[in-house]
Number of protein chains: 2
Amino acid sequence: MSLSPLLTDLYQLTMMQGYFVSGLHTRPATFDLTFRRNPFQGGYAVWAGLEVALAYLDQLQFGNTELAYLESLKLFRPDFLAALSGWRFTGRVTAFEEGRVVFPHEPLLTVQGPLWEAQLVETALLNVLNFQTLIATKAARCVTAAGESASVLEFGTRRAQGPDGALGAARAAFIGGASGTSNVQAAQRYGLPVSGTHAHAWVESFDSELDAFRAYAALYPGQTTLLLDTYDTLASGLPNALTVAGELRSAGHELRGVRLDSGDLAYLSARVRAALDAAGYGGVQIIASNDLSEFVIESVIREGGRVDVYGVGTQLATGGGPGGGALGGVYKLVALGGQDRMKLTGDAAKTSLPGVKRVWRGTDAENRLALDVIAAEGEGEPLPGERFSDPANPLRSLRIGPELSWHDPRRVVHDGGQRTRAPEKLADLQARAREELAGLPAGTLRLLNPHRYRVSLSAELAQRRDTLMAELQLRHGL
Amino acid sequence: MSLSPLLTDLYQLTMMQGYFVSGLHTRPATFDLTFRRNPFQGGYAVWAGLEVALAYLDQLQFGNTELAYLESLKLFRPDFLAALSGWRFTGRVTAFEEGRVVFPHEPLLTVQGPLWEAQLVETALLNVLNFQTLIATKAARCVTAAGESASVLEFGTRRAQGPDGALGAARAAFIGGASGTSNVQAAQRYGLPVSGTHAHAWVESFDSELDAFRAYAALYPGQTTLLLDTYDTLASGLPNALTVAGELRSAGHELRGVRLDSGDLAYLSARVRAALDAAGYGGVQIIASNDLSEFVIESVIREGGRVDVYGVGTQLATGGGPGGGALGGVYKLVALGGQDRMKLTGDAAKTSLPGVKRVWRGTDAENRLALDVIAAEGEGEPLPGERFSDPANPLRSLRIGPELSWHDPRRVVHDGGQRTRAPEKLADLQARAREELAGLPAGTLRLLNPHRYRVSLSAELAQRRDTLMAELQLRHGL
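Parameters and conventions
Residues numbered from 1 in each chain as written. Chains lettered and ligands numbered in written order. Predicted model: local features only at pLDDT ≥ 70, side-chain atom pairs only at ≥ 80, totals over all residues. Helix = DSSP H or I, 4+ residues; strand = E, 2+ residues; numbered from the N terminus. Contact = placed C-beta atoms within 7 Å. Pairing = 2+ DSSP bridges. Least-squares fit on C-alpha atoms with pLDDT ≥ 70 in both. Domains from an automatic or database assignment. Buried ≥ 20, exposed ≤ 12 C-beta atoms within 10 Å, placed from the backbone. Expected span 1.5 Å × (residues − 1). pLDDT = per-residue confidence, 0-100.

Now for the overall build of chain A. In terms of helices and strands, chain A carries 16 helices and 21 strands. Across chain A, the fraction of contacts at a sequence separation of at least 24, relative to all contacts at a separation of at least 6, is 71%.

Here it is in C-alpha cells:
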C-alpha cells in the first residue's frame, strides 16, 4: 500500500518549513505516541497497525506531483520545496511489538530523529495506529465474549468507513482474534481466511426457499451454509434446511451450517440447535449475525443461545459502541536537542511524560502480566522494594514485590531509513495477541468495569516530570 | 480511485456463480438502496458518495490477478471464471442527486440490470454511500449548530478510520457544509480549501512561546494563526499573541487568528475576544478545537462563546456521537423478472417496499420541502385530496393539500455501461445541500428530537406491498 506524503495535516508542512527556515529542522527530537483511555471503557488495548505504519515510513517521499501541488498553495519557499525533493524518513522508531496488549500512558511508539522528519509523520502514524488498535481491541472483546467454543468473523464491509476502512478493519480484526472476514479483497491482500453464506436475495430469486437451498447445496455440497430467515426461521427456513441436510447426506455430504440473521438469537439458536441435534445433525454449525457486538454475544450466551460462529458487522468494522468510534491516540514532543519537553495542562491525567523512555513489563511466577513500569531511557529493571507512582494519580504509589520477572516489550523497528526486522505474519500477530490476552490478570478482560491493569512510573521519571513542570510554570509566570 | 471487484463479500461471488449455473444471472433485477433511521437521531440525512459510487461502477472489471485469486479459493468453476473475465456492469442506476436531503424508506439509489451484476455491486455501493452520507450529515449538523456567522473545518485525519477513511471524510464533510479540511492529500485530490495553524510541538521547539509565535508570523505574515494553550491560554498565549499582532501590524500585516485547544471554550473564547477587541484586533478570528461535536458547538454558542471557526476532528471524520458510527443502509431485491419481491419480517418498520418505484418531492408556495411520496414506477404526481400512508406505520395516513408542487429528485445516472451525466463539482454538491437544508420545514434541522419530515406511500404502492405480503404468508404457510 502506497501512502502519499500529503496524507498529513497542513500544519505539519508549514511547521516543517518553519523548522527549516529557523535552522531547527535537524535538531534531534523524540516524539511519543500514547493514548490516555482504553477504548470501549475496557481494561486494555491490542496494539495493531505497526506493519502498516512501517510500510508507510519505508516508502515516504515527495514526488514531483506532490511538490507541484505544494507549490500551488503559495505557502512554501523554493528552497524548502527543493529540500523536500530529497527528503526521506531516517529516524529511529521503537515500538511495542504488534499484537501486544498495551495500556494508557505507555509510549507505544517512539520516533527519534531530525525534528522535521518526526513532525511530518505524526498524522499518518496516528491515523493508521489509532484505527488498527481500535479494531483489534474490539475484535478481542468480541472473541472474549464468544468464549472458547465459538468463533468470530468480520462481516462489516458494507458499513465500514470507505473501501480501505473495510480492508484495514479486516486486518486488525484478525490480529485481535477474528477467524476471518467476508471481504474478498482483504482476504487476498492479507492472506486471511474468507467466508460467507448467501443473502436473502438468493432465496427470493427462486420460486421457493427449498428450491433456493437445493440449488446452493448442489453447487457447494461440502460448504453450504443456509440462511434461515427470509420468510420465517422456524416455520420455513429450518424445515427446508433439514430437508436439504438429508439430501446432502444421502449424496455423501454434510450441511455445514445455518445462519440466523434476525429475531431473538438466543431463543432461535437454542431451538434450531435442538432440532438439528434431534434430527441427527449435531455437526451443523449455527452462525448468527444482525447488529452484533460483544455485549450482544455475551447476552446470547448468558440466555442459553447455542451459536457456533458470530458474524460481527458494523461494530467490528467501525469499532463502534460505548467508548468506541475512535482511539484517542496522541503524538507528543518529549525531548528536543537532549532536553526534556512537555505540554503544561491543568489536568493531571493529560500531562505528558517528558524525556526518552523505556517500558518494563513484569510477569509473575505463572507468567501472567502483573505490572508495567514506564522508566527513563537507560534505567535497569525495577528492583524489589522500589516505589513506583501512578501516572494518572501522583498521590498513589506502589512497592514492587520480589516475585516478578521483567522484560522489554518494545523493539527498535526502524532505523537509519529502513526496517530493522522482517515483516511479521498476521497469523503470528494473532497468536501473540492471544497469548498476551491469556496472560492478563483476572478481570482485565471483563467488558464492563474491568480490573485496571497497573502501569507505574519509575521514581526517576516521575521526578523529571515534576522538575520540568515546576520549571515551566516558573518560566511562564504561572 | 480504482476499486477492486473483490471489494465485496464472498457471498456475492458465490451467489453470482449460483445464478450463473442456474441460468438466472441475466434475469432483470431491481435492487433499492435505503436506510431505516436517520443518523444521529436527527431529522434528515445528506446524500453523499454518488460520484464515488459511479466511478466504481465505471471501472469495475475482473483482471487476471483477481481471477487467479478466485481460482485459488477452489470455490469457482472454470466456466464461471471465464464469464467473469468479460464481465462489466451494464445496469441502469437511478439515484437522488448527490447533496440532496433524504429520508428513511426512500429508494436512494436503484440498480436495474442482470441479476448477477446488480448482486455483486451491493457491498461496495453500501460501503461508499453509507459512509459518505454519514459524514455529510454530520457536517451539516455541525454547520447548522455553528450558525451563519461561524464556519466548520474538518480536522480529523489522525482519528479517521484509515488513510482513505480520512480522504473520504474530508470529501463528504465538504458536501455537508464544511469550509475545508486540514488534510493536504484530500485537498489535492478533491480540490478542497486546506488550512491549518501550528501544533504545541512548534511552541515547545523554541526557547519561549513569544519566540515561537514571532518565527511563525515572520514566515506566514498574512496567514498566521497562533495556538494559545501550550502553557496557559490567558496568562501566556494571549499576551504573546497580542505582542505579535502588534508587531505584524507595524510591518503592514494583520494577525489572522488564534486557536484555543483546551479548557472552557465558551469562557476562553469570550475572554480572548474581549481582549482582542479592546486592543484593536477585532478582525482576528478565534478558532476552537478539542473534541468538538455539534452539541459542543451548540453549547459554546448558548453560553456566550465567541468562536469564528470550529475545527471538528474525531466526530466529523468518523461520524461519531449518539446514533452515529455507521449509517445502516441496506440494499434489497425489490423486483425480479418483472415480479415484485420483498423479505418478510415481523417488524413493520423493517418491511421493504416491493417493486420498481419513484419518488415525488412536494414543495410549498415558499419553495419549502413539504412531503415526499414514494410511488410505483410510472405513477404521476400526487393529486390534491389523495390519501397516502406512512411507510413505518400502516395505521396512519394523510391527505395531500392543494398547494404543493412536485418534482422528481432522482436522476438516471448510469445506463448501458456508462454514466449519463458529467461528474459534478464538489462545490456544486455543497451548494445543493445548503439549498436543500435551507428549504427543510422548521424544526427538521433540530439536533435533538427534530420534526419528523413526512414521507408517504402512494395508495398503489401500499396495496402492492400488502398484497405481496399476504401472498408470501399464504405460500409459506405463515
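There is more to say after this.
This part takes up the sheet that holds strand 6 (residues 151-154) of chain A. Residue and element names in this part refer to chain A. Pairing is parallel in the open sheet, where 6 strands are placed in the order 7-6-11-10-9-8. The open sheet has two free edges, formed respectively by strand 7 (180-181) and strand 8 (225-227), since each of these has just one partner strand. Pairing geometry for strand 10 (residues 285-288) and strand 11 (residues 309-312), over 2 bridges, is parallel. Directly across from Ala288, in strand 11, lies its bridge partner Tyr310.

With that out of the way, let us pick up the sheet that holds strand 10 (residues 285-288) of chain B. One open sheet holds the 6 strands; their spatial order is 7-6-11-10-9-8 (chain B), and the pairing between them is parallel. Strands with a single pairing partner mark the edges of an open sheet, and in this sheet they are strand 7 (180-181) and strand 8 (225-227) of chain B.

Moving on to the relation of the copies chain B and chain A. Least-squares fitting of chain B to chain A yields an RMSD of 0.0 Å, with the transformation described by 0.0 Å of translation along the axis and a rotation of 180°. Within this description, the copies of the chain are treated as partners about a two-fold rotation axis. Counting the interface residues of chain B, we find that 100% of their copies in chain A are interface residues as well, pointing to one common contact surface.

Attention now goes to the domain arrangement of chain A. Along its sequence, chain A is organised into domain 1 (10-135 + 324-475) and domain 2 (196-312). Using C-alpha coordinates to define each centre, domain 1 of chain A is positioned 46 Å away from domain 2 of chain A.

Attention shifts here to the environment of Leu445 of chain A. Residue and element names in this part refer to chain A. Position of Leu445 relative to the elements: it lies in the loop between helix 15 (426-438) and strand 21 (455-457). Residue classification places Leu445 among the buried residues on the basis of 20 C-beta atoms within 10 Å. A C-alpha to C-alpha distance of 7.5 Å links Leu445 and Tyr44, two positions 401 residues apart in sequence. Other than its neighbours up to four places away in sequence, Leu445 contacts Gly43, Thr144, Leu437, Leu440 and Pro450.

This brings us to the environment of Val455 of chain A. Residues and elements named next belong to chain A. Mapped onto the fold, Val455 is located in strand 21. As for Val455 and Ile374, which are separated by 81 residues in sequence, their C-alpha atoms are 7.3 Å apart. In contact with Val455, not counting residues within four places along its chain, are Phe103, Pro104, His105, Glu106, Asp372, Ile374 and Pro391.

So, about the interface of chain B and chain A. Residue-level contacts link 78 residues of chain B with 78 residues of chain A. It is helix 1 (residues 10-22) of chain B that contributes the most residues to the side of chain B that touches chain A, 10 residues altogether.

Residues and elements named next belong to chain A. End to end, helix 12 (residues 265-278) covers 19 Å across 14 residues, agreeing with the expected 20 Å (1.5 Å per residue, within 8%). Elements in contact with the buried residues of helix 12: helix 11 (233-250), strand 9 (257-260), strand 10 and helix 13 (294-302). Just downstream of helix 12 lies Gly280, where phi reads positive at about 85°.

Residue and element names in this part refer to chain B. Take Arg434: it is sitting in helix 15 (residues 426-438). Owing to 17 C-beta atoms within 10 Å, Arg434 belongs among the partly exposed residues under this scheme. Through-space distance from the C-alpha of Arg434 to that of Val143 is 9.9 Å; in sequence the pair is 291 residues apart.

Attention now goes to the confidence of the model for chain A. The predicted model of chain A averages 95 in pLDDT, with 99% of residues at 70 or higher. What the predictor reports for the complex is a pTM of 0.97 with an ipTM of 0.96.

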